[in-house]
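Listed below, chain by chain, are the residues.
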Amino acid sequence: MTEASAGETVSIDTVSGTSLPVVPRHVAIIMDGNNRWAKKHGKGRLAGHRAGVDAVRKVIEACGDYGVEVLTLFAFSSENWNRPQDEVRGLMDLFLHALKREVKRLQRHKIRLKVIGDISQFSPVIQKYIHQAEEQTAHDYKVTLVIAASYGGQWDITEATRKLAHQVQDGSLNAADITPEHIQNNLTTGDLPPPDLLIRTSGEHRISNFLLWQCAYSEFYFADVLWPDFSREEFLKALREFAGRQRRFGLTSEQCEAGT
Ligand code: IPE
Ligand code: IPE
Ligand code: MG
């Protein structure tokens, strides 16, 4: 069986001494289960989200160690705006604090921050800190951390379509010439490789309007653990499983083995 062939990197985990034959270039995660974690521990909803931030730190560090180039985290969906107002407000506070507090740490670990989503929905102060954090981490980086916030895959595709429609309208693009690359390049992730591996925690098996276009050929991995319990070891389990999968991209398994 041929191994997953996304990244060329052979990475040695210096902490556990594990070597991975193939590492995904881009990992995307639907971080789910914060509320169930809070309930299980007899805590309020916000405590669950706060515990989720600790799990985020661990996974970001692991990406740097294993050679993952891009990590995209689904932090807040277009649909999450419809949650109870106190929860939305709490999540916004948490986001703002993280933006203020974590920039230095990101710089230290050579991590570039990129936020994707309809950020016009956020308060002006959050928008300001997003732009600042993006600018301050834009140079000298090894890992790109993409935070999907106020994000929906349908929104992303709609916006890309709107941009192309404008180009057709002003005569710079022929409708007949539109290819999948035009859509790809106009998505918020247009400058990034597509996710090789998509992880969802908490035992739910759905995409919940995440990277709909971009996940066309991602490998899916579902973990039963709730997001705040997602450890470095859990992440490594997903990477190991990915390394053992055969990605066919429509070909037969024989074609893949022959390397055609
Ligand atoms: C994911 O955890 C975090 C966000 C959606 C913001 P949830 O809050 O969805 O937790 P569960 O799925 O209800 O347990
Ligand atoms: C998806 O989780 C969004 C995030 C993880 C930010 P949800 O918990 O909102 O998804 P559904 O509603 O269960 O599909
Ligand atoms: Mg959920």
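Residues numbered from 1 in each chain as written. Chains lettered and ligands numbered in written order. Predicted model: local features only at pLDDT ≥ 70, side-chain atom pairs only at ≥ 80, totals over all residues. Heavy atoms only, no water.

- For the record of the protein chain, the UniProt heading Subunit (unreviewed entry) holds the text "Homodimer." (UniProt positions renumbered as here; feature names shortened; annotations may be inferred.)

## Overview of the site of ligand 2
- Neighbouring residues of ligand 2: Ile30, Met31, Asp32, Phe74, Ala75, Phe76, Asn80, Arg83, Arg200, Arg206 and Ser208.
- Between ligand 2 and the protein, one listed contact pairs an oxygen atom with a side-chain N or O atom of Asn80 at 2.9 Å.
- At 2.7 Å from an oxygen atom of ligand 2 is found a side-chain nitrogen or oxygen belonging to Arg206.
- In this structure the site holding ligand 2 corresponds to the largest pocket.
- Here the shell around ligand 2 gets three residues from one element, more than from any other, and that element is strand 4 (residues 70-77).
- In terms of residue class, the shell around ligand 2 is made up of five nonpolar, two polar and four charged. (Near = heavy atom within 4 Å. Polar contact = N/O pair within 3.5 Å; in protein donor to acceptor, adjacent residues only side chain to side chain. 1 Å grid on protein atoms, 1.4 Å probe; cavity = no way out; pocket = protein on both sides within 12 Å on 5 of 7 lines; lining within 4 Å. Sits in = over half its atoms within 2 Å of the grid points. Helix = DSSP H or I, 4+ residues; strand = E, 2+ residues; numbered from the N terminus. Nonpolar A, V, L, I, M, F, W, Y, C, P; charged D, E, K, R; others polar.)

## Thoughts on the UniProt feature "binding site: Mg(2+)" (unreviewed entry) in the protein chain
- UniProt feature "binding site: Mg(2+)" (unreviewed entry): in the numbering of this structure it lies at Asp32 and Glu219. Lining residues of the largest pocket drawn from the annotated set just named are Asp32.
- Along the polypeptide, Asp32 turns up in the loop between strand 3 (26-30) and helix 1 (34-40).
- Ignoring any residue separated from it by four or fewer positions in sequence, one finds Asp32 in contact with Arg200, Thr201, Ser202, Glu204, Leu226 and Trp227. (Contact = heavy atoms within 4.5 Å.)

## Some thoughts on the site of ligand 1
- Taken together, Met31, Asp32, Gly33, Asn34, Asn35, Arg36, His49, Ala75, Asn80 and Arg83 make up all the residues around ligand 1.
- Here an oxygen atom of ligand 1 sits 2.8 Å away from a polar atom, N or O, in the side chain of Asn35.
- A distance of 2.8 Å is found between an oxygen atom of ligand 1 and a side-chain nitrogen or oxygen belonging to Arg36.
- Expressed as a share of its isolated accessible area of 380 Å², the protein-covered part of ligand 1 is 84%.
- Top element by residues in the shell around ligand 1 is helix 1. It accounts for three residues.
- Partitioning the shell around ligand 1 into residue classes produces two nonpolar, five polar and three charged. (Areas by Shrake-Rupley, 256 points an atom, 1.4 Å probe, with all protein chains shown as cover.)

## Notes on the side chain of Arg247
- Mapped onto the elements of the fold, Arg247 is located in the loop between helix 7 (232-243) and helix 8 (253-258).
- Within the structure, Arg247 has its side chain in polar contact with the side chain of Asp196 (distance 3.1 Å).
- Of note is the side chain of Arg247, whose polar atom sits 2.8 Å from the backbone oxygen of Tyr217.

## Quick word on the nonpolar core
- In this structure, Val27, Ile29, Leu71, Leu145, Ile199 and Phe235 are the most contacted members of the largest nonpolar core, which totals 48 residues.
- Residues Val70, Phe74, Tyr151 and Leu192 belong to the second largest nonpolar core, which totals 13 residues. (Core = buried A, V, L, I, M, F, W, Y, C linked by side-chain atoms within 4.5 Å. Buried < 20%, exposed > 50% of the residue type's maximum accessible area, 1.4 Å probe, protein only.)

## Details of helix 5 (residues 153-169)
- With 17 residues, helix 5 should reach 24 Å at 1.5 Å per residue; the first-to-last C-alpha distance of 24 Å fits that figure.
- Those residues of helix 5 not exposed but buried are Gly153, Asp156, Ala160 and Leu164. Buried positions in helix 5, seen along its axis, are confined to an arc of 70° and lie on one side of it. Relative to its buried face, helix 5 has exposed residues pointing more than 90 degrees away, namely Gln154 and Gln169. (Expected span 1.5 Å × (residues − 1). Arc of directions from axis to C-beta.)

## Digging into the UniProt feature "active site" (unreviewed entry) in the protein chain
- UniProt records the feature "active site" (unreviewed entry) at Asp32 and Asn80, using the numbering of this structure. With the annotated positions falling across 49 residues, the maximum pairwise C-alpha distance of 12.1 Å places them together in a single cluster. Lining the largest pocket, from the residues named above, are Asp32 and Asn80.
- Within the element layout of this structure, Asn80 appears in the loop between strand 4 and helix 3 (85-108).
- Of the polar contacts made by the side chain of Asn80, one reaches the backbone nitrogen of Ser77; its length is 2.8 Å.

## Brief notes about the environment of Val22
- The topology assignment puts Val22 in the loop between strand 2 (19-20) and strand 3.
- For the pair formed by Val22 and Gly244, sequence separation is 222 residues and the distance between their alpha carbons is 8.6 Å.

## Focus on the pattern of salt bridges
- Within this structure, the stated rule accounts for 23 salt bridges.
- The salt bridge involving Lys110 is made with Asp140; its shortest N-O contact spans 2.9 Å. Of this pair, Lys110 sits in the loop between helix 3 and strand 5 (111-116) while Asp140 sits in the loop between helix 4 (124-136) and strand 6 (143-151); the two residues are 30 residues apart in sequence, bridging distant segments of the chain.
- What makes Lys110 partly exposed here is its relative accessible area of 31%.
- Measuring nitrogen to oxygen at the nearest pair gives 3.1 Å for the salt bridge that ties Asp196 to Arg247. Placement of Asp196 in the loop between helix 6 (180-186) and strand 7 (197-200) and of Arg247 in the loop between helix 7 and helix 8 is noted, with a sequence separation of 51 residues between them. Neither Asp196 nor Arg247 differs from the other in exposure class; each is buried.
- Overlapping salt bridges bring together Asp54, Arg57, Glu61, Arg101, Glu102 and Arg105 as one network. (Salt bridge = Lys/Arg side-chain N within 4 Å of Asp/Glu carboxyl O.)

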